[in-house]
Amino acid sequence: MIKRVFAGIGLCLVLCFAANAQEATFSQRLSSLSFSNAFPENLLKTRSVVLYDISPEQTQPVIRGDWQSVAEKIQPTLKKSGIDGVVHYYLRDLFSGKESYNTFLDYYDDRDIKNAVFVKENAGNYEIIVTDLQDRQFLLKEGQAAWKQSGPNLEEILDNLYRAVANAGLDRENRLILEGPEFGQLLSPIKAKRNEFYDLNFSSEKLAIPVFEDTAAINSAMDAYPYAYGYVAEETAEKELRTQGYQYILYYVRSTGRSVKEILKYKTTSSETDYISEVVKDKKLSVESYNIHTPVYKFYIKHIYSGNVFLGKKWDAAPEWQKALNNYMLNLRNELVRN
């Protein structure tokens, strides 16, 4: 079959700088914070989310660092200080995919979360930032005010946080604060039928690809896809895509293998330590094993009108997005195209 590629002029110039537009904007705004000794005025009256960025274990491929043990140390100080940390997340998980991020934003609204505590660890050095959430789409505004402490001793930083809050003169209304951390679950973006196969109608309709990376790199990974596709801006609404002639859209989820399986509603067991990724190329099966705590990408295609999701017949996730996308497309071609 003949493959047709449709690309908007100039689109890559705007969007190809980042794998995820929301994450790129958020990171830029986080780095632009204006630090002072002041806390958000309603910090002790409203709810906070606690977000972690912890160094990975130096394996190959990497394994996510143990951020939950850090959370166990953080929550008691928040409680003592009067900061109601209602839910704890690994920061990168919020940006695990466009659909997953939008699902989180709905959750964020439902729980009426007003503030954020950022906890970062890199090579044994810690940093804690406290600020309010001022933007619904990107959480932070450019240059907004924040409080920060950093250093190699986490306990000392937490003591400084407690004393600083106690001396800030803030009115306290938060009383029923959890003793230990509540770890946030990434909610599944799947709202309609979940299918572990491919739709035969892929061949007659056009697939939309939100630009999450350089288009040349995506083209290389998409080489095995035998049907029509085109690039669209990440922020384009699905309803608008249908008016542009797209019936399907490509999405991905990125988190640890265990989390991705849970988000996409695969069955998991507590005894699993590794997941086997499978890809068929030239009628030959190739397999690779990844620790369940290794961050991976898993691609899928969604039918825009119905919301039905097509995951494919094989678990084909991989740590690199290029490999994960190539795996998905190779498996799709092997299943749908009979030479």
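## Considerations on the packing of aromatic side chains
Overall, the coordinates contain 23 aromatic pairs when judged by the stated rule. Between Tyr 198 and Tyr 328, the aromatic rings sit 5.6 Å apart at their centres with planes inclined by 70 degrees, giving edge-to-face as the arrangement. With Tyr 198 in the loop between β8 (194–195) and β9 (206–210) and Tyr 328 in helix α10 (residues 321–336), this residue pair connects regions lying 130 residues apart in the sequence. Take Tyr 198 and Tyr 328: they sit in the same class, and that class is buried. Within the aromatic cluster, the residues linked to one another by ring pairs are Phe 212, Tyr 252, Tyr 297, Phe 299 and Trp 321. Positioned over the ring face of Tyr 246 is Lys 206, at 4.4 Å from the centre of the ring.

## Here we look at a nonpolar patch on the surface
On the surface, a nonpolar cluster with roughly 270 Å² of combined accessible area is contributed by Ile 276, Leu 285 and Val 287. Positionally, Val 287 belongs in strand β13 (residues 284–291).

## A closer look at the sheet that holds strand β7 (residues 145–151)
If you walk across this open sheet you meet the six strands as β2-β7-β6-β5-β3-β4, and the pairing is mixed. Each edge of the open sheet carries a strand with a single partner, namely β2 (34–35) and β4 (84–90). As defined by bridge partners, β2 adjoins β7 across two bridges and the pair is classed as parallel. Along β7, the bridge assignment pairs Phe 35 with Ala 146.

## With respect to the nonpolar core
The biggest cluster of nonpolar side chains holds 45 residues, and the ones touching the most others in it are Val 49, Tyr 89, Leu 94, Phe 104, Leu 133, Leu 139 and Leu 264. Secondary structure elements with two or more residues in this core: β3 (47–54), β4, α4 (91–94), α5 (98–110), β5 (113–122), β11 (246–256), α9 (257–263) and β14 (295–303). Examining the composition of this core, we find that five residues originate from one element, α5, more than from any other. Discounting residues that sit within four places of it in the chain, Leu 264 has contacts with Ile 190, Arg 194, Val 253, Lys 298, Tyr 300 and Leu 311. Ranked by size, the runner-up nonpolar core spans 33 residues in total, among them Ala 221, Val 279, Trp 321 and Leu 332.

## Some points on the environment of Pro 210
By the secondary structure assignment, Pro 210 is in strand β9. With 21 residues separating them in the primary sequence, Pro 210 and Tyr 231 have C-alpha atoms 5.9 Å apart. When sequence neighbours within four positions are dropped, the list of residues in contact with Pro 210 reads Val 232, Glu 234, Ile 249 and Leu 250.

## What to know about the pairing of strand β6 (residues 125–132)
With eight bridges joining them, β5 and β6 adopt antiparallel strand pairing. Of the residues in β6, the one forming a bridge with Phe 118 is Ile 129. What sits between β5 and β6 in their antiparallel hairpin is a turn of two residues, with Ala 123 showing a positive phi close to 55 degrees. Of the pairings in the sheet, the one linking β6 to β7 comprises five bridges and is antiparallel in character. Note that in β7 the partner of Ile 129 across the bridge is Lys 148.

## Describing unusual backbone geometry
Cis rather than trans, the peptide bond between Gln 60 and Pro 61 has omega equal to -5 degrees. Mapping Pro 61 onto the fold places it in the loop between β3 and α3 (67–81). A positive phi angle, close to 55 degrees, is found at Asp 112, a residue other than glycine. With respect to the secondary-structure elements, Asp 112 resides in the loop between α5 and β5. We note that Lys 265 has phi near 65 degrees; this positive angle belongs to a residue other than glycine. Inspection of the secondary structure assignment puts Lys 265 in the loop between α9 and β12 (274–281).

## Describing the confidence of the model for the chain
On average, residues of the chain score 89 in pLDDT, and 94% of them reach the 70 mark or higher. Low pLDDT (under 50) marks residues 1–19, which in the prediction has 42 contacts with non-local residues, meaning those over four places away or in another chain.

## Notes on helix α6 (residues 154–166)
With 13 residues, α6 should cover 18 Å at 1.5 Å per step; its first-to-last C-alpha distance of 18 Å lies within 8% of that length. Listed as buried for α6 are Leu 154, Ile 157, Leu 158, Leu 161 and Val 165. The buried residues of α6 all sit within an arc of 100 degrees when viewed along its axis, so they share a single face. Contact partners of the buried residues in α6: α3, β6 and β7. Two or three places before Glu 155, at the start of α6, stands the capping residue Asn 153, its side-chain oxygen 3.0 Å from that residue's backbone nitrogen.

## What about the environment of Tyr 275?
Along the chain, Tyr 275 falls in strand β12. When the C-alpha atoms of Tyr 275 and His 293 are compared, they prove to be 9.8 Å apart, with 18 residues separating the residues in sequence. Setting aside residues no more than four positions away along its own chain, Tyr 275 makes contact with Gly 257, Arg 258, Lys 261, Thr 268, Glu 288, Ser 289, Tyr 290, Ile 292 and Trp 315. A distance of 3.3 Å separates polar atoms of two side chains, one belonging to Tyr 275 and the other to Glu 272.

What counts and how
Residues numbered from 1 in each chain as written. Predicted model: local features only at pLDDT ≥ 70, side-chain atom pairs only at ≥ 80, totals over all residues. Heavy atoms only, no water. Phe/Tyr/Trp six-rings, centres within 6.5 Å; stacked < 30°, edge-to-face > 60°. Helix = DSSP H or I, 4+ residues; strand = E, 2+ residues; numbered from the N terminus. Buried < 20%, exposed > 50% of the residue type's maximum accessible area, 1.4 Å probe, protein only. Lys NZ or Arg CZ within 6 Å of the ring centre and 35° of its normal. Patch = residues over 30% accessible without salt bridge, like charges linked within 9 Å, V, L, I, M, F, W, Y side chains within 5 Å. Areas by Shrake-Rupley, 256 points an atom, 1.4 Å probe, with all protein chains shown as cover. Salt bridge = Lys/Arg side-chain N within 4 Å of Asp/Glu carboxyl O. Pairing = 2+ DSSP bridges. Core = buried A, V, L, I, M, F, W, Y, C linked by side-chain atoms within 4.5 Å. Contact = heavy atoms within 4.5 Å. pLDDT = per-residue confidence, 0-100. Expected span 1.5 Å × (residues − 1). Arc of directions from axis to C-beta. Polar contact = N/O pair within 3.5 Å; in protein donor to acceptor, adjacent residues only side chain to side chain.

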